[in-house]
Amino acid sequence: MPETKLKIRLLGDPGLRKASKPVRQVTEGHRQVLSQMAGLMYESSGVGLAASQVGIYESMIVTDTGSGLYKLINPKVVKKEGSQVTEEGCLSVPGVCIKVKRARKVLVEAQDENGKPVSIEARDLLACVFQHEIDHLKGRLIVDYASFWERLKISRKLKGLSRKSGIPREAGKRGSRDEKLPESKAESCKLQL
Ligand code: ZN
């Protein structure tokens, strides 16, 4: 894998909608990407990051909710229990905060960075973060959980983001005034993942 600086992809980048491929053989390249992803997550004050958010479509995530760093390969939720609703932000959808209902407790099976199978029981915040990142690996984003009214409220922000990410829009030519990203209110959503 090339030794380049990773960059977080924003909503509108079609790669965010791609399903990631499972990693068959864990290599030094995967370990390097995982540690770069962890660095980028900390730099961005995030608590989780999925490889598809940096344009790598292999099943890998990193998380740290304060109780330690997890670098996981091929993570899967194999058991769910209970429910919780959390206001989630996403590093790929800056300035947007959406209430998402997820399981309160999950059992995640994965491999660590050496390819060793691991099984993690997580609850509350960590469970939420694992589910958010595993969603990314399936091409699923928090905006998919937005209610009709939430969608309406955030639609202007989303349009701004699509332009920012350099994806051409079919809807004719726009003046340069439309090009700027709306003011980010990311700090209003504590949880960035
Ligand atoms: Zn996210």
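Residues numbered from 1 in each chain as written. Predicted model: local features only at pLDDT ≥ 70, side-chain atom pairs only at ≥ 80, totals over all residues.

A. The arrangement of the overall build of the protein chain in detail. On a plain count of helices and strands, the protein chain comes out with three helices and seven strands. Reading the secondary structure of the protein chain in the N-to-C direction produces α-β-β-β-β-β-β-β-α-α. Burial analysis of the protein chain (193 residues in total) assigns 34% to the buried set. Taking as baseline every contact in the protein chain between residues at least 6 positions apart, the subset at least 24 positions apart corresponds to 69%. (Helix = DSSP H or I, 4+ residues; strand = E, 2+ residues; numbered from the N terminus. Buried ≥ 20, exposed ≤ 12 C-beta atoms within 10 Å, placed from the backbone. Contact = placed C-beta atoms within 7 Å.)

B. Structural view of helix 2 (residues 124-137). The terminal C-alpha atoms of helix 2 lie 21 Å apart, and with 14 residues this matches the ideal 20 Å at 1.5 Å per residue to within 8%. Among the 14 residues that make up helix 2, 12 are buried, leaving the element largely enclosed by the rest of the structure. Those residues of helix 2 not exposed but buried are Leu126, Ala127, Cys128, Val129, Phe130, Gln131, His132, Glu133, Ile134, Asp135, His136 and Leu137. (Expected span 1.5 Å × (residues − 1).)

C. Examining the environment of leucine 141 more closely. Within the element layout of this structure, leucine 141 appears in the loop between helix 2 and helix 3 (148-164). Between the alpha carbons of leucine 141 and leucine 11 there is a distance of 8.8 Å; along the sequence they are 130 residues apart.

D. Summary view of the pairing of strand 2 (residues 60-63). With burial as the criterion, each face of strand 2 is covered, one bearing Met60 and Val62 and the other bearing Ile61 and Thr63. In the sheet, strand 1 (residues 48-50) pairs with strand 2 via three bridges, with the strands oriented antiparallel. Looking across to strand 2, one finds that glycine 48 is bridged to threonine 63. In the sheet, strand 2 pairs with strand 3 (residues 70-81) via four bridges, with the strands oriented antiparallel. Pairing of valine 62 across the sheet is with lysine 71, part of strand 3. Hairpin remark: strand 2 followed by strand 3, antiparallel, with six residues in the connecting loop; positive phi at glycine 66, about 115°. (Pairing = 2+ DSSP bridges.)

E. Geometry of the pairing of strand 3. In this sheet, strand 6 (residues 105-111) lies alongside strand 3 in antiparallel orientation, the contact comprising six bridges. Bridging across to strand 6, glutamate 81 finds its partner in lysine 105.

F. The confidence of the model for the protein chain, seen in detail. Residues with a pLDDT of 70 or more make up 83% of the protein chain, whose mean pLDDT is 87. Counting contacts from residues 168-186, a segment whose pLDDT is below 50, to residues more than four positions away or on other chains yields 18 contacts. (pLDDT = per-residue confidence, 0-100.)

G. Spotlight on the sheet that holds strand 2. Taken in spatial order, the five strands line up as 1-2-3-6-7 in an open sheet, and their pairing is antiparallel. With partners counted over all chains shown, the strands left at the sheet margins are strand 1 and strand 7 (117-123), one partner each. With direction set aside, neighbouring strand axes in the sheet form an average angle of 40°. Most of the contacts of helix 1 (residues 28-43) go to strand 2, to which it runs at about 40°, and overall it touches strand 1, strand 2 and strand 3. (Axes fitted to C-alpha atoms, helices over the stretch in contact; angles between N-to-C directions.)

H. Local environment of unusual backbone geometry. A positive phi is found at asparagine 74, a non-glycine position, where the angle reads about 55°. Summarising the element assignment, asparagine 74 is placed in strand 3. Despite not being glycine, aspartate 124 shows a phi value in the positive range, around 50°. You can see aspartate 124 is positioned in helix 2.

I. The arrangement of the nonpolar core in detail. Counting 39 residues, the largest nonpolar core has Met37, Leu49, Met60, Ile61, Val62 and Phe130 as its most contacted members. If you list the elements that add at least two residues to this core, you get helix 1, strand 1, strand 2, strand 3, strand 5 (98-102), strand 6 and helix 2. For this core, the element with the most residues is helix 2, which contributes seven residues. (Core = buried A, V, L, I, M, F, W, Y, C linked by C-beta atoms within 7 Å.)

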